[in-house]
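If you want the building blocks of each chain, they are given just below.
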Amino acid sequence: MSPASTGASTIAGAATTVPAPDSRLTPGGPGYRRMSFALFLAGVATFALLYSTQALLPLISNGFGVSASDASWTVAAATGGLALFVLPMSALSERFGRRTVMTASLAVAVTVGLLVPFAPSLGVLVVLRGVQGAALAGLPASATAYLAEEVRPKALVTAIGLFVAGNSVGGMSGRVITGWVAQEWGWRIAVGVVGAIAVGCAIAFRLLLPAPRHFKAGSLHPRRLLGTVRDHLANPLLRRLYAIGALFMTVFGGVYTVIGYRLTEEPFSLPQGIIGSIFLVYLVGTVSASTAGRLVGRLGRRGALYLGGGTTAAGLLLSLADSLPLVLLGLVLITAGFFAGHAVASSAVSKTAAHGRAQASALYQSAYYIGSSAGSTVGAMAFHASGWSGTVGVGLLAILGVVTITVLGSLAARRAPVAAHS
């Protein structure tokens, strides 16, 4: 029988099996652009909905007659709901498929988003936001697991960076739009407009995302799920990455929850529309996240994390000035450093996990959004107690934690070869 008929090639009289071509997506290949744009839109919808009330907190405080720390629960409830439900949602995605879970999650989240403007009290608003966050939990872990399965490894950091870039665009557009709409028609109309935009993103996402070709359904057996979670938590590198994601998000959540209150006060006294436009600095995050792959290629993972942490810390210190240009520059640096660090850490999780990638990503996302909830709550409390310097102090402590964990990781990596040869 000829080599052609057996699927093998003959070299020097010996049969050699020809490896099957890698059918996963790659930049420039068929389906890659559709996939990237679909997940970009999913990221836009997720962050636009998740943080739809953040730029409006001063108006919500005035509308319900509550303090900044009370109003901040409209953000913390959403991120907390996501943190609590991301692991169960990731288990569902292992059984029913990434695309199915992401579609269902977006459908529920946008439906709740259309109900949010009609909340009669702060308590009802917080509950609706919690439900919305829980629904959105099906997006982050499922998206990164989908990418890890459908995209070639060399393109994974770039692909995840584009998804994170969608997060930054969603966060920016949601805040800018709500700021100007709220200035004319109030916060309720503003969050309604965000909900309508998210509906459009959800429909386009479902139409564009290619059907998965490499997904293999897993089991929903609780023991197997718990075993997978234990395996991930036993991995020192994954634990460090989870902590780094949480600490970066503590900074970001605190800064952007409180910045609206600071800019409405003296010496700035800015109107709501201008405050919303401040969030255009998220475009910097779009760039830094999408270039994370090249950053890791030049500096390595730990070098990229040091750069992200240092950039964020520099931005925090600059933001202490009572000069609007310096505050804006500080926000630019905070945003660039955060999104770069987040893209590097989240892609490292997907690469590190040898199995149960959805659970590995879910644990990262859970830690990440716990950090967001903690940052928005503690940052608001610090602002209430000590002003903007208190919020900056919380952020600097978190960045110190990022640097310390990264240093410990470097030391552990140096000891590992010694232990292997001892």
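Higher on the page you've got the structure.
Residues numbered from 1 in each chain as written. Predicted model: local features only at pLDDT ≥ 70, side-chain atom pairs only at ≥ 80, totals over all residues. Heavy atoms only, no water.

1. Structural notes on the packing of helix H2 (residues 32–50) against helix H10 (residues 187–208)
In the contact formed by H2 and H10, the axes pass within 9 Å of each other and the chain directions differ by 155°. The orientation of H2 relative to H10 falls into the category roughly antiparallel. For the element pair H2 and H10, the recorded crossing hand is left-handed. Residues Arg34, Phe37, Ala38, Leu39, Leu41, Ala42, Val44, Ala45, Ala48 and Leu49 of H2 lie in contact with H10, whose contacting residues are Val194, Gly195, Ala198, Cys201, Ala204, Phe205, Leu207 and Leu208. Residues of the contact of H2 with H10, tallied by class, amount to 16 nonpolar, one polar and one charged. (Axes fitted to C-alpha atoms, helices over the stretch in contact; angles between N-to-C directions. Helix = DSSP H or I, 4+ residues; strand = E, 2+ residues; numbered from the N terminus. Parallel < 35°, antiparallel > 145°, perpendicular 65-115°, else oblique. Left-handed = near helix turned anticlockwise from the far one by under 90°. Contact = heavy atoms within 4.5 Å. Nonpolar A, V, L, I, M, F, W, Y, C, P; charged D, E, K, R; others polar.)

2. Re the nonpolar core
One finds Leu39, Leu147, Tyr256 and Tyr369 to be the most contacted residues of the largest nonpolar core, which totals 118 residues. Broken down by element, the residue count for this core peaks at 16 residues, all from helix H12 (residues 236–264). Apart from residues lying up to four places away in sequence, Tyr256 is in contact with Gln54, Phe279, Val281, Tyr282, Leu331 and Thr335. (Core = buried A, V, L, I, M, F, W, Y, C linked by side-chain atoms within 4.5 Å. Buried < 20%, exposed > 50% of the residue type's maximum accessible area, 1.4 Å probe, protein only.)

3. Some points on helix H17 (residues 357–386)
Residues lying three or four places apart along an α-helix face the same way, a consequence of the helix completing one turn every 3.6 residues. With 30 residues, H17 extends 42 Å from end C-alpha to end C-alpha; this agrees with the ideal 44 Å at 1.5 Å per step. Here H17 lies mainly inside the structure; 22 of its 30 residues are buried. Looking at the residues trailing H17, positive phi occurs at Gly387, about 80°. (Expected span 1.5 Å × (residues − 1).)

4. Examining a nonpolar patch on the surface
Residues Tyr306, Val403, Val407, Leu408 and Leu411 make up a contiguous nonpolar surface patch of about 370 Å² in total accessible area. The biggest single contributor to the nonpolar patch is helix H18 (residues 388–421), with four residues. Positionally, Leu408 belongs in helix H18. (Patch = residues over 30% accessible without salt bridge, like charges linked within 9 Å, V, L, I, M, F, W, Y side chains within 5 Å. Areas by Shrake-Rupley, 256 points an atom, 1.4 Å probe, with all protein chains shown as cover. Salt bridge = Lys/Arg side-chain N within 4 Å of Asp/Glu carboxyl O.)

5. Notes on the pattern of salt bridges
Scanning the model with the defined rule gives one salt bridge in all. The partner of Arg262 in a salt bridge is Asp322, and the shortest N-O contact between them spans 3.3 Å. Of this pair, Arg262 sits in helix H12 while Asp322 sits in the loop between helix H15 (292–318) and helix H16 (324–352), placing them 60 residues apart in sequence. When its relative accessible area of 7% is taken as the criterion, Arg262 is described as buried.

6. Considerations on the packing of H12 against H15
Look at H12 against H15: their axes get within 12 Å of each other, and the N-to-C directions meet at 20°. Here H12 is positioned roughly parallel relative to H15, judged by the angle of their axes. Crossing of H12 over H15 shows left-handed handedness. Note on element contacts: H15 touches H12 through Arg301, Leu305, Gly308, Gly309, Thr312 and Leu316, opposite Leu237, Leu241, Ile244, Phe248, Val251 and Val255. Residues of the contact of H12 with H15, tallied by class, amount to eight nonpolar, three polar and one charged.

7. Topic: unusual backbone geometry
Of the consecutive residues Glu266 and Pro267, the connecting peptide bond is found in the cis state with omega at 5°. Within the secondary structure, Pro267 sits in the loop between H12 and helix H13 (272–277). With phi around 50°, Ser269 is a residue other than glycine that occupies positive phi space. Tracing the chain through its elements places Ser269 in the loop between H12 and H13. Accessibility expressed as a relative area gives 39% for Ser269, which makes it partly exposed.

8. Quick notes on the side chain of Thr312
Turning to its location among the elements, Thr312 is positioned in helix H15. Since its relative accessible area comes to 1%, Thr312 is described here as buried. When residues no more than four places from it in sequence are discounted, the contact partners of Thr312 are Phe248, Val251, Leu333, Ile334, Gly337, Phe338 and Ile399.

9. Remarks on the packing of aromatic side chains
Throughout the structure, instances matching the rule amount to eleven aromatic pairs. Aromatic pair Phe37 and Phe40: ring centres 6.5 Å apart, planes at 15°, arrangement stacked. Highlighted residues: Phe37 and Phe40, both in helix H2, separated by three residues, approximately one helical turn. Taking the relative accessible area as the measure of exposure, Phe37 reaches 43% and is therefore partly exposed. Given the relative accessible area of 23%, Phe40 is considered partly exposed. Within the aromatic cluster, the residues linked to one another by ring pairs are Phe252, Tyr256, Phe338, Phe339, Tyr364, Tyr368 and Tyr369. (Phe/Tyr/Trp six-rings, centres within 6.5 Å; stacked < 30°, edge-to-face > 60°.)

10. Comments concerning helix H3 (residues 57–64)
Burial in H3 covers these residues: Leu57, Pro58, Ile60 and Ser61. Seen from one end, H3 has its buried residues packed into an arc of 165°, which puts them on one side. Opposite its buried face, H3 presents the exposed residues Asn62 and Gly63, each directed more than 90 degrees away. Looking at the buried side of H3, the elements it contacts are helix H4 (68–71), helix H5 (73–96), helix H7 (122–136), H10 and H12. Positive backbone phi, at 65°, marks Gly65, one or two positions downstream of H3. (Arc of directions from axis to C-beta.)

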